[in-house]
Amino acid sequence: MFVKICGITTEKDALLATALGADALGFVFASGSPRMVTVDEASDIVKHLPYDEIITLGVFRDERPERVAEIVNKVGLKGAQLHGRESAGEVVYVRQRVPLVVQGFAAGDPAISMASDAADVVLLDAPNPGSGRVYDWCQVSGAFDGVRLLLAGGLTPENVAEAIWRVRPWGVDVSTGVETAPGSGRKDPRKLRRFIQ
């Protein structure tokens, strides 16, 4: 099971998540997020990661595709997670300039049917991304056959096993569910360990 820990804001949390076995780390560049990091902060964290195989993703919402590619490449990230209203053409533009693209959608969003073939992974999140709220996983089950589905939204160490059993995603993504306090950006070592296990 592929595991992404999102909303990384400190080197300590990045190193802990990778040491515990996370496959990917997400750095939020979307303005207005309490977990937002600057280009310099993300660059400093990424250059201290010990494993080349860790996938590092910049998370963007309604950002210009040129700016997405610029930030991903400047920071040295391995991909972009597009979590806005990007057109198929914008997804293609980004994918031609970065190694990996995750296209995110809120559960129930009719735009899911417009997921770009250029995206390597489709992420499905709660209707209010970053809220830590669970949604009805039944609406997901079987809807994405043949797609690498990354399940997010309200996942915690207590419910992630059930979510995997019900939905059978390719991977899972967590932020709020492993924080010391919701929205703090700081990761709780015990919650991280239990989630990844």
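Preceding block: the structure.
Cut-offs and rules
Residues numbered from 1 in each chain as written. Predicted model: local features only at pLDDT ≥ 70, side-chain atom pairs only at ≥ 80, totals over all residues. Heavy atoms only, no water. Helix = DSSP H or I, 4+ residues; strand = E, 2+ residues; numbered from the N terminus. Rg over C-alpha atoms; globule rule 2.2 N^0.38 Å. Buried < 20%, exposed > 50% of the residue type's maximum accessible area, 1.4 Å probe, protein only. Pairing = 2+ DSSP bridges. Right-handed = clockwise from strand over helix to strand, strands pointing away. Axes fitted to C-alpha atoms, helices over the stretch in contact; angles between N-to-C directions. Contact = heavy atoms within 4.5 Å. Nonpolar A, V, L, I, M, F, W, Y, C, P; charged D, E, K, R; others polar. Phe/Tyr/Trp six-rings, centres within 6.5 Å; stacked < 30°, edge-to-face > 60°. Lys NZ or Arg CZ within 6 Å of the ring centre and 35° of its normal. Core = buried A, V, L, I, M, F, W, Y, C linked by side-chain atoms within 4.5 Å. Arc of directions from axis to C-beta. Polar contact = N/O pair within 3.5 Å; in protein donor to acceptor, adjacent residues only side chain to side chain.

1. Side note on the overall build of the protein
Secondary structure summary: the protein contains 6 helices and 8 strands in total. Starting at the N terminus, the α and β elements of the protein follow one another as β-α-β-α-β-α-β-α-β-β-β-α-β-α. Against the 2.2 N^0.38 benchmark of 16 Å for 197 residues, the protein shows a C-alpha radius of gyration of 15 Å, consistent with a compact globule. Oriented by its inertia axes, the alpha-carbon framework of the protein measures out at about 40 × 40 × 30 Å. Split into buried and exposed, the 197 residues of the protein put 52% on the buried side.

2. Focus on the pairing of strand 8 (residues 171-174)
Moving residue by residue along a regular strand, the side chains alternate between the two faces of the sheet. Here strand 8 shows two buried faces, one formed by Gly171 and Asp173 and the other by Val172 and Val174. Relative to strand 8, strand 1 (residues 2-5) runs parallel, the two sharing 4 bridges. Note that in strand 8 the partner of valine 3 across the bridge is valine 172. Handedness of the crossover joining strand 7 (residues 149-151) and strand 8 through helix 5 (residues 160-167): right-handed.

3. Side note on the packing of helix 2 (residues 39-46) against helix 3 (residues 65-75)
Closest axis-to-axis distance for the helix 2/helix 3 pair is 9 Å, and the angle between their directions is 40°. Together, Val39, Ala42, Ser43 and Val46 of helix 2 and Ile71, Lys74 and Val75 of helix 3 make up the contact between the two elements. A class-by-class count of the residues in the contact of helix 2 with helix 3 yields 5 nonpolar, 1 polar and 1 charged.

4. What about the packing of aromatic side chains?
Tallied over the full model, the rule gives 2 aromatic pairs. Arranged with centres 4.4 Å apart and planes meeting at 20°, the rings of phenylalanine 2 and tryptophan 170 form a pair that is stacked. You can see phenylalanine 2 sitting in strand 1 and its partner tryptophan 170 sitting in the loop between helix 5 and strand 8, a full 168 residues away along the chain. Relative to phenylalanine 60, the ring of phenylalanine 29 lies with its centre 5.3 Å away and its plane at 15°, an arrangement referred to as stacked. Taken together, the residues phenylalanine 29 in the loop between strand 2 (24-28) and helix 2 and phenylalanine 60 in strand 3 (residues 55-60) connect sequence positions 31 residues apart. Side by side, phenylalanine 29 and phenylalanine 60 carry an identical accessibility label, which is buried. Over the aromatic face of tyrosine 93 sits the side chain of arginine 97, whose NZ or CZ is 3.5 Å from the ring centroid.

5. Let's talk about the nonpolar core
Ranked by internal contacts, the top residues of the largest apolar core, which has 48 residues, are Ile5, Leu25, Phe27, Phe29, Val75 and Phe195. Examining the composition of this core, we find that 5 residues originate from one element, helix 3, more than from any other. Sequence-distant contacts of phenylalanine 195, that is, excluding residues within four places in its chain, are made with Val3, Leu155, Thr156, Pro157, Val160, Val172, Val174 and Val178. By size, the runner-up hydrophobic cluster in this structure holds 9 residues, among which are Phe2, Leu57, Leu100 and Ala152.

6. Looking at the sheet that holds strand 5 (residues 101-106)
Read around the barrel, 8 strands follow the order 1-2-3-4-5-6-7-8 and close on themselves; strand pairing throughout is parallel. On average, each strand axis in the sheet is inclined to that of its neighbour by 25°, with strand direction left out of account. Sheet topology note: the strand 7/strand 8 ladder contains 2 bridges and is parallel. By the bridge assignment, leucine 150 is partnered in strand 8 with glycine 171. Strands strand 1 and strand 8 of the sheet are contacted by helix 6 (residues 189-196), whose axis makes an angle of about 160° with strand 1.

7. Brief notes about the environment of threonine 38
Take threonine 38: it is sitting in the loop between strand 2 and helix 2. Residues threonine 38 and valine 28 lie 10 residues apart in sequence; the distance between their C-alpha atoms is 8.6 Å.

8. Some remarks on helix 6
Taken as a whole, helix 6 has its buried residues at Leu192, Phe195 and Ile196. All buried residues of helix 6 project into a common sector of 90° when viewed along the axis, lining one side. Summarising the contacts, the buried residues of helix 6 are in contact with strand 1, helix 1 (11-19), helix 5 and strand 8. Capping of helix 6 at its N-terminal end is provided by aspartate 188; its side-chain oxygen lies 2.9 Å from the backbone amide nitrogen of arginine 190.

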